[in-house]
Each structure stands twice: as structure tokens, then as C-alpha cells.
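Observations on the model geometry
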There are 2 protein chains.
Amino acid sequence: MSKQRDVAELKAMKRAAAEQAVLAVQSGMVVGLGHGSTTVFAIRRIGEWLKEGRLRDVRGVPCSSRVRADADRFGVPLVSLEEEPALDLTIDGADEVDERLNLIKGGGGALLREKVVAQASRREIIVVDETKLSPALGNRSALPVEVVRFAERPEREFLESLGARVTLRQGEDGRPFLTDQGNVILDCDFGPTEDPNGLANRLEARAGIMAHGLFLGLASEVLVGVPGGVRRLRPPPACASREG
Amino acid sequence: MSKQRDVAELKAMKRAAAEQAVLAVQSGMVVGLGHGSTTVFAIRRIGEWLKEGRLRDVRGVPCSSRVRADADRFGVPLVSLEEEPALDLTIDGADEVDERLNLIKGGGGALLREKVVAQASRREIIVVDETKLSPALGNRSALPVEVVRFAERPEREFLESLGARVTLRQGEDGRPFLTDQGNVILDCDFGPTEDPNGLANRLEARAGIMAHGLFLGLASEVLVGVPGGVRRLRPPPACASREG
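Residues numbered from 1 in each chain as written. Chains lettered and ligands numbered in written order. Predicted model: local features only at pLDDT ≥ 70, side-chain atom pairs only at ≥ 80, totals over all residues. Heavy atoms only, no water.

Our next topic: helix α3 (residues 65-74) of chain A. Residues and elements named next belong to chain A. Burial in α3 covers these residues: Val 67, Asp 70, Ala 71 and Phe 74. Looking down the long axis of α3, one finds its buried residues gathered within 100 degrees of arc, a one-sided arrangement. Opposite the buried face of α3, by more than 90 degrees, sit the exposed residues Asp 72 and Arg 73. Contact partners of the buried residues in α3: β1 (30-33), α2 (39-52) and β2 (59-62). The N-capping residue of α3, defined by a side-chain oxygen 3.3 Å from the backbone nitrogen of Arg 66, is Ser 64. (Buried < 20%, exposed > 50% of the residue type's maximum accessible area, 1.4 Å probe, protein only. Helix = DSSP H or I, 4+ residues; strand = E, 2+ residues; numbered from the N terminus. Arc of directions from axis to C-beta. Contact = heavy atoms within 4.5 Å. Polar contact = N/O pair within 3.5 Å; in protein donor to acceptor, adjacent residues only side chain to side chain.)

Okay, here's the thing in C-alpha cells:
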């Protein structure tokens, strides 16, 4: 697979995966809307189908302030988790997908809300292009770790003690990127991770870490845009059970 | 032990425990300062000893905005975790202490920062009066769980699904109490907890839960104010190892 893959082809694969996911949306559903360059195609399609009357009474739960703006623009009504704490379905992207359908997410910075929404959803459909598939998490992506600001230095040192190369994420203005919760993101290059569950447990035990980008056992299915079509991946049976 | 115990006697026990903890502070140390009605006696004593010259060059890391104010008032210089990410010692209180020196904390609302500071400290001295001792966590205290506001309802339903009676903590003004991070606290009555580690793992896996009041394996020792003195408790050997 060429790294010089044509941008238009990638975009077509993302779009095909996202639009296929929208086939799972039914009238009356509450749908989680993830953040990113792939899911935006799903939001647009849902808006079109609402306008055409092909769908009715669909309401979205946005995973970021940008998704909120996109949904407004495309005409998808929004609802909060306070009003609808249990979602029928979520459509979200991913930065990396392994063979068990474990994910790295958070390249867009919305990992905390995306994980809350995923855990509140009965079904989590992940949409990606084929470049996101990986034999082991960490091959493609650094792991985003959201950290409360006053704990940045001790958590950075903790992450380095686990073997990560740590980079403070910066915004376009060159200042630290802040999440919707006002936290910073440390992008952690651990290399390929053999034990993502063990790593997740260690990160979750740290009080200054508010969220991390490992989404384990959460994907119900992954729709992969490939040249000329979409492949549907399902988790192996041992991974199919989901908490929450 | 009478529940009608005299307020002055309780205060004397708290004070004795806190002041004994200050004997562990040495000149030049960076000391974490927990939040609460017991630790305030330690902050005051450190300030007195700095003024008298019995201690020099001690700097404190405050666990809440109120501790910051107390330290200013008593003349204890402060430093941030950004400047000093590894602490020599922390003196903190607890709402409940079991026989393995596992703790419930967070009655004062500062649980997140207190746990960050505990994990950054080489030694964690807990100071309590004897009414805080308990055969099993959950006998005395509800468990404080700090939740990001937009996830309040799904996390409440999750906590109820684990068997908790859940109460949204309110401030003195009758509105929801907000932590220094701007989150709400759900006080969760689980009753006596047989498996605090299992409960902690389940809470930590939830994306909307920012912190919980179970402090497991973190106490290096507990100083207990009793009538006429202070008892020193140490964790059993299997619990002595600490992460971070």
C-alpha cells in the first residue's frame, strides 16, 4: 500500500465507509456522532436523509464542539446525554484498528467524549479507510493521553517510565492544544503494544490521566473503506462482550 | 464508641495526629498538603516551625484552592507539580480507613488532586481521628465519584447498576457542588465493599468518571488520634508496594 496514496482516493474510501454506516440508522434513533474527517460524511448523509424524509426523528449526540457545528450545518438535531443517556448507535472514526477491533482514537482530541458516548451506546460502528488497519496498536499512531493541566509533568514522567516518547500536543497557534474539558494531550509513542489491556489499566489507575485513546472491546463492527468498496469487520467472539 | 463524642475531644485527636505527622517533615522537603479539617493542623504547625526556624526551606504542594489559602495564611511557601513533580512526603486526611490501610477520601471534594499528589509522593502519611477506622470501606462513608458534567446521567445510571444509592453533592448554596476541575461529585453509597480493587477497576474504566475516592495501597502509614495519644498503623506487607 503506497504512502503516496492519492488524497481523493482516501477521501472516497472514508466517504464510502461512513455512508455505509448510515444504513444502520433508523427513524427515531438517538445516534452518537464522532469527531473526524470520516464521520463528517456520515453526519452529512444523515442530514440529507432527514431533509429528504428518508429518515425521521433522528437525534444526534455530538462528541465535540466541532461535531456540534457540523450537525447544525447539515441539519441534524442534537440532544444531550442528560436527555438521552442510552444511545441506539454511534458512528465514529479511529486512528488505528487492530485485528481484534481494538482501537486507538483521539487524533482529533475528542477522545474523552467519544469514549463516554461509546460506553453509552448499544452499538458502536467504526468507520475508517484501509490505511488505519494495523497488526498491533501503536504501529501507526501515537497514543493520545488527556491529562489535567496541573499534573502534566508528573504524568509525563510516569508515561516516560513506561517507555513512551511523549510529545505535548500543540494547536495551530503553537500553544498547547486544550481539549473541550480544558486539559492537555500528551501524544505517547509506545511503539507496537503487545498488551493494550494491561497498558489501559496502568493509565486508568493514574489520577492525573483523564482519558486515553485505547478503545478496547468497544467496537461492535468496523466498516473499512477499500478501493472500490467497503469491508465489514466484526470482533472475534471473545471480544464481543461489552461493558456499560 | 459514642456517636455523641465531644467535638472538642475529636478536634484534639485530629490535631494530635496531624502534629505528629509534622515530625516527619525535614528542612528542604517538598510536602504535599491535603485538604480537610485534620490536615489544617499540620499546615499550621509547619508554618509555625518555619517561623521559629525549626524548619527551613519547606515548600508545600496544595491539594485544593482552600489549602492554598490556608498555606498562605500560615506562611507555608507553595510550589507546583510543574516545578516539583516528585514529593518527599504528603500529609493528608481520610474519611475512612480499613485494616489494610485502604482509604475512602473525597469528603472535602479534593479527591482528584489529592490522588495525583499521593501518587507523586514517596511517602503518604494519613492523619485521622479514631472514628475513621472501619472493618470494611463503605461502612462509614459514601464513596465520592467525580464525574464530568455532560456525563452525569449515564455515569449515575452506571453507578446505580453496580448497586449504589447515588446522591448528587450540593454546595452550601443548594446548587451542585463543583470541584476545582469544574466537575460534579456523585456520593455513592455501596454499603461495605468486599472487593475495593475490583470496584476501583470498574470505575476507572468508565470514561466519564474523572476520579473516585478509593485510595488503595497508597498510604505509607496512618496516624490515628485516640484519646490521650496517637497510634501509628502500617500497612500489611502485601500492601506495602506502591505504584508511581
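This is not the end of the story, as more comes after the structure.
Attention shifts here to the sheet that holds strand β10 (residues 209-212) of chain B. Neighbouring strands of a sheet are bound in pairs by backbone hydrogen bonds; such pairs are parallel or else antiparallel. All names here are of chain B. Spatially, four strands are ordered β8-β9-β7-β10 in an open sheet, and the strand pairing comes out antiparallel. Bordering the open sheet on either side are β8 (165-168) and β10, each of which pairs with just one other strand. Along the sheet, successive strands turn relative to each other by an average axial angle of 30 degrees, direction set aside. The sheet contact formed by β8 and strand β9 (residues 184-189) spans four bridges and is antiparallel. Bridge pairing in β9 places Thr 167 opposite Asp 187. Set on the sheet, helix α6 (residues 196-204) makes contact with β7 (143-147) and β10; between it and β10 the angle comes to about 155 degrees. (Pairing = 2+ DSSP bridges. Axes fitted to C-alpha atoms, helices over the stretch in contact; angles between N-to-C directions.)

A word on the environment of A:Ala136. Residue and element names in this part refer to chain A. With respect to the helices and strands, Ala 136 occurs in the loop between β6 (124-129) and β7 (143-147). Remark: the alpha-carbon pair of Ala 136 and Lys 115, spanning 21 residues in sequence, is separated by 20 Å. In contact with Ala 136, other than residues within four places in its own chain, are Glu 96, Pro 192 and Thr 193.

Turning next to the packing of helix α1 (residues 7-22) of chain A against α2(A). Residue and element names in this part refer to chain A. Contact geometry for α1 and α2: axes closest at 8 Å, N-to-C directions at 50 degrees. Judged on the interaxial angle alone, α2 and α1 are oblique. Remark: the crossing between α1 and α2 carries right-handed chirality. Where α1 approaches α2, its residues Lys 11, Lys 14, Arg 15, Ala 18, Glu 19 and Val 22 are matched on the opposing element by Phe 41, Ala 42, Arg 44, Arg 45, Ile 46 and Trp 49. (Parallel < 35°, antiparallel > 145°, perpendicular 65-115°, else oblique. Left-handed = near helix turned anticlockwise from the far one by under 90°.)

Our focus in this paragraph is the relation of the copies chain A and chain B. Of the transformation superimposing chain A on chain B, the axial component is 0.0 Å and the angular component is 180 degrees, with the fit at an RMSD of 0.0 Å. Both copies are brought into coincidence by an operation consistent with a two-fold rotation axis. Take the interface residues of chain A: 100% of them recur as interface residues in chain B, which is what a same-surface contact looks like. (Least-squares fit on C-alpha atoms with pLDDT ≥ 70 in both.)

Residue and element names in this part refer to chain A. Running from amino to carboxyl end, α2 crosses α3 at an angle of 30 degrees, the nearest separation of the two axes being 9 Å. As summarised for this structure, α2 and α3 are arranged roughly parallel, according to the angle between their axes. Both α2 and α3 take part in a crossing whose hand is right-handed. Of the residues in α3, those in contact with Val 40, Ile 43, Arg 44 and Gly 47 of α2 are Val 67, Asp 70, Ala 71 and Phe 74. When the residues that make up the contact of α2 with α3 are grouped by side-chain class, the tally is five nonpolar, one polar and two charged. (Nonpolar A, V, L, I, M, F, W, Y, C, P; charged D, E, K, R; others polar.)

Once that is clear, we can look at the pairing of strand β13 (residues 229-233) of chain A. Residues and elements named next belong to chain A. Pairing of strand β12 (residues 221-226) with β13 involves five bridges; the strand directions are antiparallel. Each bridged residue has a counterpart across the sheet, and for Val 226 the counterpart in β13 is Gly 229. From the end of β12 to the start of β13, which pair antiparallel, there are two residues, and Gly 228 there has a positive phi angle of about 85 degrees.

Attention shifts here to the interface of chain A and chain B. Frequently, the measure chosen for interface size is the accessible area removed from exposure when the parts meet. Tallying the contact residues gives 26 residues for chain A and 26 residues for chain B. Contact between chain A and chain B buries roughly 2,600 Å² in total, counting both sides, with carbon and sulfur atoms accounting for 58%. Area buried by chain A at its contact with chain B is led by A:Phe150, A:Arg153 and A:Ala207, which between them contribute 23% of it. Here chain A and chain B share zero salt bridges between them. When residues of the side of chain A that touches chain B are traced back to their parent elements, those giving at least two are α4 (111-119), α5 (152-161) and α6 (196-204) of chain A. (Buried area = accessible area lost by both parts, 1.4 Å probe. Salt bridge = Lys/Arg side-chain N within 4 Å of Asp/Glu carboxyl O.)

A:Leu143, A:Leu159, A:Cys188, B:Leu143, B:Leu159, B:Cys188 and B:Leu214 are the most contacted members of the largest nonpolar core, which totals 72 residues. Contacts of A:Cys188, omitting those with residues within four sequence positions, involve A:Ala142, A:Leu143, A:Val145, A:Leu159, A:Ala164, A:Arg165 and A:Val166. B:Ala17, B:Phe41, B:Ile46 and B:Val67 belong to the second-largest nonpolar core, a separate cluster that totals 27 residues. (Core = buried A, V, L, I, M, F, W, Y, C linked by side-chain atoms within 4.5 Å.)

This next bit is on the confidence of the model for chain A. Of all residues in chain A, 95% attain a pLDDT of 70 or more, and the chain-wide mean is 94. Quick note on the complex model: pTM equals 0.93, ipTM equals 0.92. (pLDDT = per-residue confidence, 0-100.)

All names here are of chain A. What the domain assignment reports for chain A is domain 1 (3-133 + 217-227) and domain 2 (143-211). The gap between the C-alpha centroids of domain 1 and domain 2 is 24 Å. In this assembly, 11 residues from domain 1 lie in contact with 11 residues from domain 2. Taken over both partners, the interface formed by domain 1 and domain 2 buries close to 910 Å², and the fraction arising from carbon and sulfur atoms is 55%. In this structure, the connection of domain 1 to domain 2 is made through zero salt bridges. At the surface where domain 1 touches domain 2, the tally comes to four residue pairs in polar contact (both at pLDDT 80 or more). (Domains from an automatic or database assignment.)

This part takes up the sheet that holds strand β5 (residues 103-104) of chain B. Residue and element names in this part refer to chain B. The antiparallel open sheet is built from three strands, whose spatial order is β4-β5-β11. Of all strands in the sheet, those with a lone pairing partner are β4 (96-97) and β11 (214-215), marking the two edges. Bridge count for β5 against β11 is two bridges, and the pairing is antiparallel. Along β11, the bridge assignment pairs Ile 104 with Leu 214.

Positive phi is not limited to glycine here, since A:Asp57 has a value of about 55 degrees. We classify A:Asp57 as exposed; its relative accessible area is 51%. Within the chain, B:Leu101 stands out as a residue other than glycine whose phi angle is a positive 65 degrees. With respect to the helices and strands, B:Leu101 occurs in the loop between β4 and β5. Judged by its relative accessible area of 2%, B:Leu101 is buried.

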